[in-house]
Structure formats: C-alpha cells, structure tokens
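# Working through the structure, step by step
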Amino acid sequence: MPVRTTESRKNGRAVAGRGVGLGLALVSALAFGGSGVAAKPLIEAGLDPLQVVWLRVAGAAVVMLPVAVRHRALPRRRPALLAGFGLLAVAGVQACYFAALSRIPVGVALLIEYLAPALVLGWVRFVQRRPVTRAAALGVVLAAGGLACVVEVWSGLSFDALGLLLALGAACCQVGYFVLSDQGADAGERAPDPLGVIAYGLLVGALVLTAVARPWRLDWSVLAGSARMNGTAVPALALLLWIVLVATVLAYVTGVLSVRRLSPQVAGVVACLEAVIATVLAWVLLGEHLSAPQVVGGAVVLVGAFIAQSAAPAEAPARPVAAGGPDRELSGHRTSA
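### Considerations on the overall build of the protein chain
Along the protein chain, the regular secondary structure elements total 16 helices and two strands. Considering the protein chain as a whole, with its 337 residues, one finds that 53% of them fall into the buried category.

Now the structure itself:
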C-alpha cells in the first residue's frame, strides 16, 4: 500500500486548488458574459445606457461597501491607483461598452473589447519600449484580421460607426486598467488587497458616473415594469439585480479568487470564453444572429487574443501587463467590465 508523503499531499492540494481556480474562472466568465444580454433589454425599454451603467456600478458599490470599510486605509495609501481604477476599469469600460450595446450587437461589442490584450502589447512595445515576441505580434495581426471579418469591412462597415468606436473605447480603457494592474504589482507583498481596490474602484466609478449619467432624470417607472427579451416579457428589476449581483459583484469576486489559484496567463485564457458566452447568450436570448464570416472572424479574434495575452515581453516574461484577459487583473489578480 503506497504511503502518502508530505510532498504528495502538497501536490494533491495544488491540483485541487487548480481545479477550484478553473471552476471559479469559468463562473466569472459566465457572469461577465451575461451582462450585455441583461442590459440591452433595459436600454431598449427606455433607460439611457449611462443610466444602466450607473445603476450597475452604484448597486455593486453598495454591496461592496462593507469591504471598503474594512480597507478604509487604502485611499490614503494608493489614491492614484484607486482613482485610475475607478475612472478607467469601472466607469470608462462600462460606459463605453453599454453605450456600444445600444448601437451594435452584444457579441460584436465584446469581441472588439477583446482587442485590449493586443493593445496592451502596443503599450509595452512603443510606450515602455520593451520588445515583444513574434508570437505576440502574430496575435495582434490575427485579432485585427478577425475584427475586420466581424465588422464586415468589405460591406463598408455594416454596423454603426459610432457603436464600433465606443466598443473600441472600452478596449482602450481596459489598456489603462492593465497598466494600473502592473503598477499595483510593483509593490510586491505591500500590494493593495484586490478586493479593496475593487470596492473603492466601484465607489469612485459611481461618483463619476453620477455626474455624467444624471440619475435624478432616470425614469424609475421602467424598473417597475417589464422589458422585452427577444419578444418575451421579463421583469426589469430582475434584469437589474442580475447585472448588479451576478454580472458585477459575483463576476469580480470569483475572478479575483480564480487568479489567486491560477497564474494570470491561465486565468486570462479562460476569460476569453466570456466573448463566446456573450455571443451565444445574445444569439439564444436576444435573437442576434451573426453571419458565417462574422462567426469565423470572432473565432480568429479570440485566437489572436489568446496568443497575444499568452506571449510575454521578451525582456520580462513574467510581467503581468502583457498577459491577462479583459476586464481583469489587479496587482497580479483578475478583477473589468
């Protein structure tokens, strides 16, 4: 009968922890992927996209308020990081993405947003002046080519041009998010707790969006009624609760916990499933059908993003800034959109 050594027990715990991490990463991808299909019916029911973003961020900030109280010293220690995270990773990403949803299909908006890993490599190469690998460059080319198929450039951009620019704006905000994540990781053991940064980021984002979205003009009667999801009436309040509790709070928390058990690269690869999940949900629940070239282009975008975020800069292979998925690493931990 084999004897279980200390080393074998450690290996067993590592394997179990990896399995739990993968499960959490999948839950996070599913939760984030469902945000668009829940938000679009609310927008179509009469709410402004920015108002939906405000409801999402403000609701999540209230839920995460006890965490902010627990880390009340964080604003004094890292005010710039919290402000940048709130402006870019919370307010910027969500506002641009939800505004894009009002003009283009959910799947297209999210696929464009997934250009962020490729854009991060551009920051690494041209701003930080650090070389990147050929594999990373190949990922950028594939992502750009796939995007051309998604938006059908041969048809003269059949989608709304402003909607495409808004989705690209969401990707650019995520670049700022990844850069801030890299700066947070520089603190080593003194890096701020990711849950605390998420909580304060939501609070900062809610304050910024309050000034922009002007929620005092919100038609609250819309939330008391129903919204149409591909012809089916759904309680608007139920959709809002899903966006706040599942697509924001649960998605962020499970994402952070997953990266604590996985490397940022592995968690980022699993996060690529978010775009697939969102596209499938939009197809099933909203009736947003994509053509064959668009489906193929979406697959190429995901492959390009996978290669780009899995390829580290040549001089610093372990740096997290050139790795990870959208919406989501903080101080080496995944947290966006």
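### Topic: helix α6 (residues 79–101)
Between its first and last C-alpha, α6 extends 32 Å over 23 residues, near the 33 Å set by a 1.5 Å rise per residue. If you look at α6, its biggest bend is around 30°, right at G92. Counting buried residues along α6, 18 of its 23 residues qualify, which places the element largely inside the surrounding structure.

### Points about the packing of aromatic side chains
One pass over the structure, following the stated rule, counts two aromatic pairs. A ring pair is formed by W54 and W220, whose centres lie 6.5 Å apart and whose planes are at 75°; its orientation type is edge-to-face. Separated by 166 residues along the polypeptide, W54 in helix α3 (residues 49–63) and W220 in the loop between α11 (194–213) and α12 (221–224) bring together distant segments of the chain. Overall, W54 belongs to the buried group, its relative accessible area being 15%. A relative accessible area of 47% means that W220 is categorised as partly exposed. On the basis of an interplanar angle of 65° and a centroid distance of 5.8 Å, the ring pair of Y97 and F98 is categorised as edge-to-face. The class of F98 is buried, set by a relative accessible area of 0%.

### Some remarks on the packing of α6 against α11
Interaxial distance between α6 and α11 falls to 7 Å at its minimum, and their mutual angle equals 65°. The handedness of the crossing between α6 and α11 comes out as right-handed. Counting all contacts with α6, which are made through L82, A83, F85, G86, L87, V90, A91 and A95, the residues of α11 involved are V197, I198, Y200, G201, L202, V204, G205, V208 and L209. Per-class residue counts for the contact of α6 with α11 are 14 nonpolar, three polar and no charged.

### Some details on the nonpolar core
Ranked by internal contacts, the top residues of the largest apolar core, which has 76 residues, are L47, V52, Y97, L101, I104, V108 and L202. Ignoring sequence-local partners within four residues, the contact set of L202 consists of V57, A60, A61, M64, V90 and T248.

### Side note on α11
With 20 residues, α11 extends 27 Å from end C-alpha to end C-alpha; this agrees with the ideal 28 Å at 1.5 Å per step. Here α11 has its buried residues at P194, G196, V197, I198, A199, Y200, G201, L202, G205, A206, L209 and A213. The backbone nitrogen of L195 lies 2.9 Å from a side-chain oxygen of the residue at the head of α11, namely D193. Looking at the residues trailing α11, positive phi occurs at R214, about 50°.

### Quick word on the confidence of the model for the protein chain
Residues at a pLDDT of 70 or more form 74% of the protein chain, whose mean pLDDT is 77. Mean pLDDT across the elements of the protein chain bottoms out in helix α14 (residues 264–271) (55) and peaks in helix α4 (residues 65–70) (94). Every residue in residues 312–337 scores below 50 in pLDDT, and together they form 129 contacts with partners more than four places removed in sequence or on other chains.

### Comments concerning the pairing of strand β2 (residues 232–235)
As judged from the four bridges shared by strand β1 (residues 226–229) and β2, these two strands associate in the antiparallel manner. Across the sheet, the residue bridging to M229 is T232, located in β2. Taken together, β1 and the strand that follows it, β2, pair antiparallel across an intervening segment of two residues, in which N230 is found at a positive phi of about 55°.

About the criteria used
- Residues numbered from 1 in each chain as written.
- Predicted model: local features only at pLDDT ≥ 70, side-chain atom pairs only at ≥ 80, totals over all residues.
- Heavy atoms only, no water.
- Helix = DSSP H or I, 4+ residues; strand = E, 2+ residues; numbered from the N terminus.
- Buried < 20%, exposed > 50% of the residue type's maximum accessible area, 1.4 Å probe, protein only.
- Expected span 1.5 Å × (residues − 1).
- Bend = angle between axes of the 7 residues up to and from the residue.
- Phe/Tyr/Trp six-rings, centres within 6.5 Å; stacked < 30°, edge-to-face > 60°.
- Axes fitted to C-alpha atoms, helices over the stretch in contact; angles between N-to-C directions.
- Left-handed = near helix turned anticlockwise from the far one by under 90°.
- Contact = heavy atoms within 4.5 Å.
- Nonpolar A, V, L, I, M, F, W, Y, C, P; charged D, E, K, R; others polar.
- Core = buried A, V, L, I, M, F, W, Y, C linked by side-chain atoms within 4.5 Å.
- Polar contact = N/O pair within 3.5 Å; in protein donor to acceptor, adjacent residues only side chain to side chain.
- pLDDT = per-residue confidence, 0-100.
- Pairing = 2+ DSSP bridges.

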